[in-house]
Amino acid sequence: MKNKTKTYLLLGAVLAIWGIIGFRIMSTLNPEAPEVLPQDNMVAFKPKTTIAVDTFSVQAVERDPFLGTLYAKKKTKTKRVKPKETLTWAPIVYHGAIAKQQSKTQVFVISINGQQHLMKIGQTIDEIKLVKANAKQITLRYKNERKTVDKI
């Protein structure tokens, strides 16, 4: 009889513990809705009080505050800007490049004022110097002004 009472007591304790655990799980899954009390919807309106902003003005300083000497006004220098002379370039058309198979030097076909010329890099025709060139474009200089012309 001694063993049966211990078994019944332990069985009751296990059922009580599992009953508490089951109750907590069920209460979290199906919570009761809290009761909402109606509130007064009367809202008091209080406008904000405006604070007066302190105004000030900035004045030019005439004396050095540490030395007490007067500031000398700086004179502004006016420069005369010379307008650049606009150069009128002669009509220039770049036709392409010609090269020998054994040679690395290229000759470029350029039309200046409707006349075709064969030019190498560094060569000058009608005060127009060929500065730089490749198969797609050339760079020319005329009176210290550069211009790039693309191949047509």
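Quick notes on the rules
Residues numbered from 1 in each chain as written. Predicted model: local features only at pLDDT ≥ 70, side-chain atom pairs only at ≥ 80, totals over all residues. Heavy atoms only, no water. Patch = residues over 30% accessible without salt bridge, like charges linked within 9 Å, V, L, I, M, F, W, Y side chains within 5 Å. Areas by Shrake-Rupley, 256 points an atom, 1.4 Å probe, with all protein chains shown as cover. Salt bridge = Lys/Arg side-chain N within 4 Å of Asp/Glu carboxyl O. Helix = DSSP H or I, 4+ residues; strand = E, 2+ residues; numbered from the N terminus. Contact = heavy atoms within 4.5 Å. Phe/Tyr/Trp six-rings, centres within 6.5 Å; stacked < 30°, edge-to-face > 60°. Buried < 20%, exposed > 50% of the residue type's maximum accessible area, 1.4 Å probe, protein only. Pairing = 2+ DSSP bridges. Axes fitted to C-alpha atoms, helices over the stretch in contact; angles between N-to-C directions. Core = buried A, V, L, I, M, F, W, Y, C linked by side-chain atoms within 4.5 Å.

A. Local environment of a nonpolar patch on the surface. Side chains of V14, I17, W18, I21, I25, M26 and L29 sit close together on the surface and give an oily, nonpolar patch of about 730 Å² of accessible area. Relative to the helices and strands, M26 resides in helix α1 (residues 2–29).

B. Summary view of the side chain of H117. Among the structural elements, H117 can be located in strand β3 (residues 115–119). Among residues more than four places away in sequence, those in contact with H117 are F108, V109, I110, I112 and I125.

C. Main features of the packing of aromatic side chains. Counting across every chain of the model gives two aromatic pairs. Ring geometry for Y94 against F108: centres 6.4 Å apart, planes inclined by 50 degrees, an arrangement best described as tilted. Linking Y94 in strand β1 (residues 92–99) with F108 in strand β2 (residues 106–112), this pair joins segments that are 14 residues apart in sequence. For the pair formed by Y94 and F108, the shared burial category is buried.

D. The arrangement of the sheet that holds β3 in detail. One open sheet holds the three strands; their spatial order is β1-β2-β3, and the pairing between them is antiparallel. Only two strands of the sheet have a single partner each, and these edge strands are β1 and β3. Within this sheet the neighbouring strands show an average axis-to-axis angle of 20 degrees, counted without direction. With five bridges joining them, β2 and β3 adopt antiparallel strand pairing. Counted as the bridge partner of V109 is L118 from β3.

E. Seen up close, the environment of R141. Residue position: R141 is located in strand β6 (residues 137–142). Expressed as a C-alpha distance, the spacing of R141 and A72, which sit 69 residues apart in the sequence, is 49 Å. If near-sequence neighbours (up to four positions away) are discounted, R141 is found in contact with W89, E127, I128, K129, V131 and R146.

F. Representation of the nonpolar core. In this structure, I92, I110, I112, L130, I138 and L140 are the most contacted members of the largest nonpolar core, which totals 16 residues. Those elements giving two or more residues to this core turn out to be β1, β2, β5 (128–133) and β6. Among all residues touching I110, those that are not within four sequence positions of it are I92, V93, Y94, H95, Q115, Q116, H117, M119, L130 and I138.

G. Structural view of the sheet that holds β6. If you walk across this open sheet you meet the four strands as β4-β5-β6-β7, and the pairing is antiparallel. On the outer flanks of this sheet lie β4 (124–125) and β7 (145–150), each paired with one strand and no other. In this sheet, β5 lies alongside β4 in antiparallel orientation, the contact comprising two bridges. Looking across to β5, one finds that I125 is bridged to I128.

H. Here's a closer look at the pairing of β5. Hairpin geometry of β4 and β5 is characterised by an intervening segment of two residues between the two adjacent antiparallel strands and by a positive phi of about 55 degrees at D126. Of the pairings in the sheet, the one linking β5 to β6 comprises five bridges and is antiparallel in character. Each residue of the ladder has a partner; that of A133, found in β6, is I138. Hairpin connection between β5 and β6: a loop of three residues separates the two successive antiparallel strands.

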